[in-house]
Amino acid sequence: MGAHARRARMLAAALGLAVLAGGCGLRAASQYIPDVEPGSIRYYPELEGEQIRVASKELTEQLILGKIAVLALDAAGFEVVDRTNIQGSDNARRAMLAGESDLMWEYTGTAWLVYEGQDEVLKEPRDQYERIRDLDLERNGMVWLNPPAPLDNTYAIVVTPETAERYDVHGISDIENIPHSERSLCMDTEFFNRDDGLASLRDDYNLSEEEFPSRGDVMTSGVVYAAVDRGSCTLGSAYSTDGRIGALGLTMLEDDRQAFPIYNPAVNVRQEFAERYPQLTEIFAPIAERLDNETIMRLNARVDEEGQDPVFVARDWMVQEGFVEEGDSLLAGR
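Residues numbered from 1 in each chain as written. Predicted model: local features only at pLDDT ≥ 70, side-chain atom pairs only at ≥ 80, totals over all residues. Heavy atoms only, no water.

Asks: Explain the state of the cysteines to me, using residue names and the numbers behind them.
Replies: A covalent bond between the sulfur atoms of two cysteines is referred to as a disulfide. As enumerated under the stated definition, the model contains one disulfide in all. With its sulfur 2.1 Å from that of its partner, cysteine 186 forms a disulfide with cysteine 233. Between cysteine 186 and cysteine 233, the S-S dihedral sits near -120°, and the bridge is therefore left-handed. Here the residue cysteine 186 occupies a position in strand β7 (residues 184-187), and cysteine 233 occupies one in the loop between α9 (221-229) and β9 (235-239), the gap between them amounting to 47 residues. (Disulfide = S-S within 2.5 Å. Helix = DSSP H or I, 4+ residues; strand = E, 2+ residues; numbered from the N terminus.)

In structure tokens form, the structure reads like this:
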């Protein structure tokens, strides 16, 4: 993006013009893009003025990944349109397939099991990546950039340390140590509804619907962690990279029968877009390689526990890793 365009964007944000969205065409405040300059991500003159629309789902981790993509592409020279925070996996996927969005991070397990309806749960990350990469290209013309990130945001079951100690629960198979009357489960909507969530848990651990859980409460994902922490439910569905697990001191049970699939994120673009912009692989490969579970849990916690804005969490990490340098934005602070 040229200096004039950057300056105009910064001034609009500084004047508060970006608080409105929708009909008048102004960007929502949450879509503000901090000013960054190229670091190890180099600037490509041929990308100057080329528009790219970046999408993400509404989950904290997806917002952070989406903002990382926005900043990386901005530094590389693209004119970035921030379309992160799409509600629901299906809506985000449809936007990509329909050509309404150009790029987003997607999870291998989600695409394999949910979008493509495959029954086989694959246990090895590279195999999972290569299978969905080939299938999605063949069926939908969707390209999965290489490499996928090593972080694995799979489902998990959490309990308090007190519950783990009281009933000697270390793995999910140890749930049988908890009396039926105490097996209350809090879960979010996706875990409750999706075949790779509650259904996989019951099938792989031989937990019948009659005996497990003795009662179950469906709620938003963020509420689940607090409910387990305060003892409103004994067990909770969780995402293995959620920063609230560590922040609240919850115990994540080992998936000792590998009920839950692998969910490594990789950047998705349509085939014609990948062919038009081969620079994308060079931009995202080093970023993906550094996104492991420990890193993303720390970033997630900064949003969910400390209340920081995902775009500044993403910016700070990108600067720390040397991918970009902080620009001279009027709104460089938080």
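Asks: So what's going on with the nonpolar core? Which residues, and what values?
Replies: Counting residues in each nonpolar core, the largest one holds 91 residues, and the members touching the most others are Leu73, Leu103, Leu201, Leu280, Phe284, Ile287 and Met318. Those residues in contact with methionine 318 that lie beyond four places of it in its chain are Ile41, Ile68, Leu71, Ala72, Ile287, Phe323 and Val324. Counting seven residues, the second largest nonpolar core, distinct from the first, contains Ile86, Ala92, Ala95 and Met104. (Core = buried A, V, L, I, M, F, W, Y, C linked by side-chain atoms within 4.5 Å. Buried < 20%, exposed > 50% of the residue type's maximum accessible area, 1.4 Å probe, protein only. Contact = heavy atoms within 4.5 Å.)

Asks: Can you break down the packing of helix α13 (residues 293-304) against helix α14 (residues 310-320) residue by residue, with the values?
Replies: Close contact between α13 and α14 brings their axes to 9 Å; oriented N to C, the two are set at 140°. Considering only the axes of α13 and α14, their crossing is right-handed. Packed against α13, whose contacting residues are Thr295, Leu299, Arg302 and Val303, the element α14 presents Pro310, Val313, Asp316 and Trp317 at the interface. (Axes fitted to C-alpha atoms, helices over the stretch in contact; angles between N-to-C directions. Left-handed = near helix turned anticlockwise from the far one by under 90°.)

Asks: Describe the pairing of strand β4 (residues 103-107), with residues and values.
Replies: Extensive coverage of β4 is indicated by the burial of five of its five residues. The side-chain alternation of β4 yields two buried faces, one formed by Leu103, Trp105 and Tyr107 and the other by Met104 and Glu106.

Asks: How would you explain the pattern of salt bridges if you had to name every residue and give the values?
Replies: Considering all chains together, one arrives at 21 salt bridges under this definition. Aspartate 102 is paired through a salt bridge with arginine 53; the nearest N and O atoms lie 2.9 Å apart. Here aspartate 102 is found in the loop between α3 (89-97) and β4, whereas its partner arginine 53 is found in strand β2 (residues 51-57), with 49 residues between them in sequence. For aspartate 102, a relative accessible area of 3% translates into the label buried. Taking the relative accessible area as the measure of exposure, arginine 53 reaches 18% and is therefore buried. (Salt bridge = Lys/Arg side-chain N within 4 Å of Asp/Glu carboxyl O.)

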